[in-house]
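A structural walkthrough
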Amino acid sequence: IIFSFDALLIRLAGVSGFKAGFWRAGFTAISLGVVFFFLNKAKAIEILKKDYKPIIIAGILWGLSGLGFTLGVMTAGASNALVMLSISPLFSAAFSFIIYRRIPSWITLLATVGAIWGIWFMYHNELETLNWVGLMFSLSTPFFAGINLSFMRTHKEVSRIAIGMAGGVAGMIFSLVGSVGN
């Protein structure tokens, strides 16, 4: 539900994909930064110092996923970008298996097969006319989100709010770099 409103706001913004990505990431960084520092008060800096490596790694993955979503909405359309989010469990299960040797549950595999079949069913008649750049942006969202979910599963003690805040900062940086020359 949240991503549906997010996609609508991205489309209504009427700006380029990288500008929309910058502002989306910026508001995420600011709002989650306020929440993080408000909730943790004096311990906030200590938390950031202690867990800075996983926060940075997960933040980079979060930022890449968010920028991919924004660019996917702008190039492939909101519906395509939202549908591609449904295969995040596939990437999460795959990376958990490849990197951490965790065997996915049968329900995860069943959900993944169902999501892939549903996407194929919806788009198999349109394969010749697909916007492949938009598809790659849309696929980058569940790809990086899946890696991030797998990574965060092994770092359960790390503040999710701090990761979201770092993801907003990373998304702003990636958007600035991507907008150079546009």
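This section reports on the structure supplied with the text. (Residues numbered from 1 in each chain as written. Predicted model: local features only at pLDDT ≥ 70, side-chain atom pairs only at ≥ 80, totals over all residues. Heavy atoms only, no water.)

Now for the overall build of the protein. Looking only at helices and strands, one finds nine helices and zero strands in the protein. Start at the N end of the protein and walk to the C end: the helices and strands fall as α-α-α-α-α-α-α-α-α. Taking 2.2 N^0.38 as the reference for a compact globule, 182 residues should give roughly 16 Å; the C-alpha atoms of the protein span a radius of gyration of 17 Å, in line with that estimate. Each of the 182 residues in the protein was classed as buried or not, and the buried ones make up 42%. Counting only contacts in the protein whose residues sit at least 6 apart along the sequence, the fraction spanning at least 24 positions is 85%. Surface exposure of the protein reaches about 10,600 Å², of which carbon and sulfur atoms provide 74%. The average position of the 13 basic charges and that of the 6 acidic charges among the side chains of the protein differ by 9 Å. (Helix = DSSP H or I, 4+ residues; strand = E, 2+ residues; numbered from the N terminus. Rg over C-alpha atoms; globule rule 2.2 N^0.38 Å. Buried < 20%, exposed > 50% of the residue type's maximum accessible area, 1.4 Å probe, protein only. Contact = heavy atoms within 4.5 Å. Areas by Shrake-Rupley, 256 points an atom, 1.4 Å probe, with all protein chains shown as cover. Lys, Arg positive; Asp, Glu negative; His and termini not counted. Charge placed at Lys NZ, Arg CZ, Asp CG, Glu CD.)

Phi is positive for lysine 41, which is not a glycine, with a value near 40°. Checked against the element boundaries, lysine 41 lands in the loop between α2 (17-40) and α3 (44-50). Judged by its relative accessible area of 55%, lysine 41 is exposed. Not every positive phi belongs to a glycine, and arginine 101 is a case in point at roughly 60°. Arginine 101 sits in the exposed class, given a relative accessible area of 61%.

Below, the discussion takes up the pattern of salt bridges. Within this structure, the stated rule accounts for one salt bridge. For the salt bridge of lysine 50 with aspartate 51, the shortest nitrogen-to-oxygen distance reads 3.5 Å. Here lysine 50 falls in the exposed class, since its relative accessible area comes to 59%. (Salt bridge = Lys/Arg side-chain N within 4 Å of Asp/Glu carboxyl O.)

This part is about the packing of aromatic side chains. Ring pairs (aromatic) are described by centroid distance and by the angle formed between their planes. Considering all chains together, one arrives at seven aromatic pairs under this definition. Consider the rings of phenylalanine 95 and phenylalanine 143, whose centres lie 5.3 Å apart with planes at 80°: the pair is edge-to-face. With phenylalanine 95 in helix α6 (residues 88-100) and phenylalanine 143 in helix α8 (residues 132-153), this pair connects stretches of sequence that are 48 residues apart. Joined through ring pairs, the aromatic side chains of Phe91, Phe95, Phe143 and Phe144 make up one cluster. The lysine or arginine in question, arginine 101, covers the ring of phenylalanine 97, its NZ or CZ lying 6.0 Å from the ring centre. (Phe/Tyr/Trp six-rings, centres within 6.5 Å; stacked < 30°, edge-to-face > 60°. Lys NZ or Arg CZ within 6 Å of the ring centre and 35° of its normal.)

Taken together, the side chains of Trp23, Phe27, Ile30 and Val34 present a nonpolar region at the surface, about 480 Å² in accessible area. Note on placement: valine 34 falls in helix α2. (Patch = residues over 30% accessible without salt bridge, like charges linked within 9 Å, V, L, I, M, F, W, Y side chains within 5 Å.)

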